[in-house]
Amino acid sequence: MELWLIERHTDRLSLNVKVEKTVYREKTRYQDLAIVDTYEFGRALILDGVIQTTERDEFIYHEMLAHVPLHVHTNPERVLVIGGGDGGTIREVLRHPTVKEAHLVEIDEAVVRACTTYMPSISCALSDPRVRVIIDDGVEFVKDKAGEYDAVLVDSTDPSGPSLGLFNVEFYSNVARVLRDGGVFAAQTEQPFFEPDLVRRIFHMISQAFPVARPYLATIPTYSSWSWCFTFASKGEHAENVMPTRCTGLRYYSREVHLASFALPPFMHHLFEQDVATG
Ligand code: SAM
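Thresholds, definitions, all that
- Residues numbered from 1 in each chain as written.
- Predicted model: local features only at pLDDT ≥ 70, side-chain atom pairs only at ≥ 80, totals over all residues.
- Heavy atoms only, no water.
- Pairing = 2+ DSSP bridges.
- Helix = DSSP H or I, 4+ residues; strand = E, 2+ residues; numbered from the N terminus.
- Axes fitted to C-alpha atoms, helices over the stretch in contact; angles between N-to-C directions.
- Buried < 20%, exposed > 50% of the residue type's maximum accessible area, 1.4 Å probe, protein only.
- Domains from an automatic or database assignment.
- Contact = heavy atoms within 4.5 Å.
- Buried area = accessible area lost by both parts, 1.4 Å probe.
- Salt bridge = Lys/Arg side-chain N within 4 Å of Asp/Glu carboxyl O.
- Polar contact = N/O pair within 3.5 Å; in protein donor to acceptor, adjacent residues only side chain to side chain.

Considering the sheet that holds strand 8 (residues 131–135)
To summarise the sheet geometry, strands pair through backbone hydrogen bonds and adopt either a parallel or an antiparallel arrangement.
So, point 1. In spatial order, the strands read 8-7-6-9-10-12-11; together these seven strands make up an open sheet with mixed pairing. Edge positions in the sheet fall to strand 8 and strand 11 (212–219), since each of these pairs with one other strand and no more. Averaged over all pairs of adjacent strands, the angle between strand axes in this sheet comes to 15°, irrespective of strand direction.
So, point 2. Here strand 10 (residues 179–188) pairs with strand 12 (residues 227–234) via five bridges, running antiparallel. Paired with Ala187 across the strands is Thr231, a residue of strand 12.

Given below as structure tokens:
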């Protein structure tokens, strides 16, 4: 008997991934969590039927979410990651020798527990002494803080259920306040090919909270439609002002990839209007 993971990208399009075995399954307080071994992508974390991260291609997403903003900042010492319970983004954050503290605010402790047990290549940095794992709602966590972090990275699920509150102007404005002077922000902001209106809405909400907002792209094999959008934002720092690469062990991010990721194809420009050019 064959076992296949069928991930629906639209009502008429799905990604089918052949599964060797189910490693772990739990109905958590927030979502249906599964960890499966796939033939093509190795071990994968699935939340509510959506592939979150796989051993084979996770480095692309985690490097691009972490290293684009952190290489714009001249000296990131204190970083906040919201979501990201698998630990991949935290692992990349700690590659920066300047980082002294990395706080992870993840709403579902089951994700941290399961990935720590079953996906050590991704969760390995969660036990680092510089890391503090806080089980909390990221929406609430930023409400009563100001000027505490050099970078805030939002590594969330798609906007539904508990992550819905991470995609609105109030949250982005709270994040802007949580950032220190010179602070930087980045978030995964969905996929522009099949969800252009969603990507447009998210970008413009971020633009209302930050004077500088710039979309950038990466190609992630297990994410729907080939191209994934992230958004960089700051209160003044520009995405092109890139520090020399200060990390080792990178497999996707480089200074050239950083700069190229902000060069959007013309068919996407209208989503971001003139902001793309003046960014
Ligand atoms: N790092 C993965 C990837 O490569 O795409 C994806 C994201 S990570 C697994 C998404 C996490 O966001 C989930 O663990 C989910 O529980 C968490 N999350 C969703 N809403 C949240 C909220 N309001 N506060 C904190 N964490 C949240």
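Considering the sheet that holds strand 4 (residues 42–47)
So, point 1. Read from one edge of the open sheet, five strands run 1-2-3-4-5, paired in antiparallel fashion. This sheet does not close on itself; its edge strands, each paired only once, are strand 1 (3–10) and strand 5 (50–54). Averaged over all pairs of adjacent strands, the angle between their axes in this sheet comes to 45°, without regard to strand direction.
So, point 2. Looking at chain direction, strand 4 and strand 5 are connected through four bridges and run antiparallel. Bridge pairing in strand 5 links Leu45 to Thr53.

Some thoughts on unusual backbone geometry
So, point 1. The residue Asp48 is not glycine, and still its phi comes out positive at about 50°.
So, point 2. Note on placement: Asp48 falls in the loop between strand 4 and strand 5.
So, point 3. Exposure remark for Asp48: the relative accessible area of 47% places this residue in the partly exposed category.

Quick notes on the domain arrangement of the chain
So, point 1. With domains assigned, the chain is organised as domain 1 (3–54) and domain 2 (58–272).
So, point 2. One C-alpha centre belongs to domain 1, the other to domain 2, and the line joining them spans 22 Å.
So, point 3. Each side of the interface is counted separately: domain 1 has 23 residues, and domain 2 has 22 residues.
So, point 4. Contact with domain 2 buries area across many residues of domain 1, yet His9, Tyr30 and Thr53 alone supply 25% of it, more than any other trio.
So, point 5. Where domain 1 touches domain 2, the interface holds one salt bridge.
So, point 6. Taking the shortest distance from any N to any O, the salt bridge between Glu26 and Arg113 comes out at 3.0 Å.
So, point 7. Here domain 1 and domain 2 share seven residue pairs in polar contact (both at pLDDT 80 or more) between them.
So, point 8. Those elements that provide at least two residues to the side of domain 1 that touches domain 2 are strand 1, strand 2 (13–27), strand 3 (32–38), strand 4 and strand 5.

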